[in-house]
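Spelled out from the first residue to the last, the chains are:
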Amino acid sequence: MAAAVRGAEELGLLERLLGLPGGNKYGVQGERQVPVLQTNNGPGLTGLMTIAAHLVRQARKDQLLGSTAEEKAVVQQWLEYRVTRVNGGSSKDDTRTILKDLNMHLEDKVYLAGNIFTLADILMYYGLHHIMVDLTVQEKEKYLNVSRWFNHIQHYPGVRQHLSNVVFLKNRLYTNAH
């Protein structure tokens, strides 16, 4: 089973993607390993969504949080889903439900927030990477919309970084032509 990208590592990937200089000190707290950002000027920030949104604003890439009120709400919705469902789900049934939910949502969308690439796509990609790596070809085909979206996101400039490339192509040994 592939190791999950968690907390500090995920935030480090986001920092590099956003072009931030790095050097932030991350820790985790509690049983659920909630990420914490130690700041120089003030109290630390706690929680994946809070820290990620802070980094996006620090990089002056607010468009990743959505442009309209509706887009911002949808981005927030998927960030909450990521933290509550993807991080919380550990059983096979949880994984199937998550993939099914995403597959239905992505049926007529390029990105989670519709037609724009957002922080929700980035963090969902990082959260699902360890799951997608372990899916069989048949499972990837079953969740075709998730596979299409995931493959698109992993090829988005700067997103994948050192994470392994998840292969979606299936070589056909036989054709249906007679």
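Placed above this text is the structure.
What counts, and where the lines are drawn
- Here, residues in each chain are numbered from 1, in the same order as that chain's written sequence.
- Under the rules for a predicted model, residues below a pLDDT of 70 receive no local features and side-chain atom pairs below 80 are neither given nor counted, while totals for whole chains, interfaces and linings still include all residues.
- Side-chain numbers come from the whole structure's heavy atoms, not from hydrogens or water.
- Pairing between strands requires that DSSP locate at least two bridges from one strand to the other.
- Only DSSP runs of H or I covering at least 4 residues are called helices, and only runs of E covering at least 2 are called strands; the numbering of each starts at the N terminus.
- Under the scheme applied here, a residue whose accessible area is under 20% of the maximum for its type counts as buried, over 50% as exposed, and between as partly exposed, the area being computed with a 1.4 Å probe on protein chains only.

How would you summarise the pairing of strand E2 (residues 34-38) if you had to cite specific residues and measurements?
Sheet topology note: the strand E1 (residues 25-29)/E2 ladder contains 5 bridges and is antiparallel. Following the sheet pairing, Tyr 26 is matched in E2 by Leu 37. Hairpin geometry of E1 and E2 is characterised by an intervening segment of 4 residues between the two adjacent antiparallel strands and by a positive phi of about 80 degrees at Gly 30. Two elements, E2 and strand E3 (residues 45-46), share 2 bridges in a ladder whose sense is antiparallel. The residue of E3 that forms the bridge with Val 36 is Thr 46. Following E2, the chain reverses through 6 residues before pairing antiparallel with E3; Gly 42 in that reversal takes a positive phi of roughly 125 degrees.

So, unusual backbone geometry: which residues are in play, and what are the values?
Even without a glycine there, the phi angle at Arg 60 is positive, about 60 degrees. In this structure, Arg 60 sits in the loop between helix H2 (48-58) and helix H3 (69-86). Judged by relative accessible area, Arg 60 falls into the exposed class, the value being 73%. Phi is positive for Gln 161, close to 55 degrees, though the residue is something other than glycine. Positionally, Gln 161 belongs in the segment after helix H7 (144-154).

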